[in-house]
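Descriptive analysis of the structure
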Amino acid sequence: MQAQMLAPAAVLIAWSLVMLFWTAGTRFPAMSKSGMDISKAKPGGRGQDLEGVLPDSVQWKSHNYAHLMEQPTIFYPAVVIIALMGAGAVDTLAAWIYVALRIIHSIWQATVNVVAIRFMLFLLSTFALVYLAYRAVMLTVFADPGALA
């Protein structure tokens, strides 16, 4: 069951890289189209500096990539803890639900970005994450130390 529990985390890692390349693949052409020369960018420039400079629809990909570096940082250790302590089928299902909703959230935010729908996707994925966090706590804090010896 360890591989099955870790697989959703591996897929979310891969998806995060897809979003990174999607961000770069839309941002650099948009910068070029706007007349920006990245070789002449001021030292210390950041992606946030492009807000209001590049079209919002270009920036949405970057916003989503940043989101994938935030909440999933809780998902990854929860999945590892559950995998190490003994995942059940419901745990694996919850992890896949979380990943599927995060991918749908990414595609939605990167293309349509209607906030009400995006928030609902975020909220649903958060419920799956709350379950996973609960399971990680239950499997560790309330573990029988004698059973692990």
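Our subject is the structure listed above.
Definitions and limits used
- Residues numbered from 1 in each chain as written.
- Predicted model: local features only at pLDDT ≥ 70, side-chain atom pairs only at ≥ 80, totals over all residues.
- Heavy atoms only, no water.
- Helix = DSSP H or I, 4+ residues; strand = E, 2+ residues; numbered from the N terminus.
- Buried < 20%, exposed > 50% of the residue type's maximum accessible area, 1.4 Å probe, protein only.
- Axes fitted to C-alpha atoms, helices over the stretch in contact; angles between N-to-C directions.
- Parallel < 35°, antiparallel > 145°, perpendicular 65-115°, else oblique.
- Left-handed = near helix turned anticlockwise from the far one by under 90°.
- Contact = heavy atoms within 4.5 Å.
- Patch = residues over 30% accessible without salt bridge, like charges linked within 9 Å, V, L, I, M, F, W, Y side chains within 5 Å.
- Areas by Shrake-Rupley, 256 points an atom, 1.4 Å probe, with all protein chains shown as cover.
- Salt bridge = Lys/Arg side-chain N within 4 Å of Asp/Glu carboxyl O.
- Expected span 1.5 Å × (residues − 1).
- Arc of directions from axis to C-beta.

Summarising the element assignment, Ala136 is placed in helix α5 (residues 115-141). A residue is classified by how much of its surface remains accessible, and Ala136, at 7% relative accessible area, is buried. Expressed as a C-alpha distance, the spacing of Ala136 and Ile81, which sit 55 residues apart in the sequence, is 5.9 Å.

To continue, consider the packing of helix α1 (residues 2-33) against helix α3 (residues 72-85). At their nearest, the axes of α1 and α3 sit 8 Å apart, and the two run at 160° to each other. As summarised for this structure, α1 and α3 are arranged roughly antiparallel, according to the angle between their axes. α1 and α3 meet at a crossing whose hand is left-handed. Counting all contacts with α1, which are made through Gln2, Met5, Leu6, Pro8, Ala9, Leu12, Ile13 and Ser16, the residues of α3 involved are Pro72, Phe75, Tyr76, Val79, Val80, Ile82, Ala83 and Leu84.

Taken together, the side chains of Leu6, Val80, Ile81, Leu84 and Met85 define a hydrophobic patch exposed on the protein surface, amounting to about 400 Å² of accessible area. No other element matches the four residues that α3 contributes to the nonpolar patch. Tracing the backbone through its elements, the reader meets Val80 in helix α3.

Between its first and last C-alpha atoms α3 spans 20 Å; for 14 residues at 1.5 Å apiece the expected length is 20 Å, and the two agree. Listed as buried for α3 are Pro72, Phe75, Ala78, Val79, Ile82 and Ala83. All buried residues of α3 fall inside an arc of 130° around its axis, so they share one side. On its buried side, α3 packs onto α1, α2 (56-68), α4 (89-111) and α5.

Nothing here speaks to function; it is geometry throughout.
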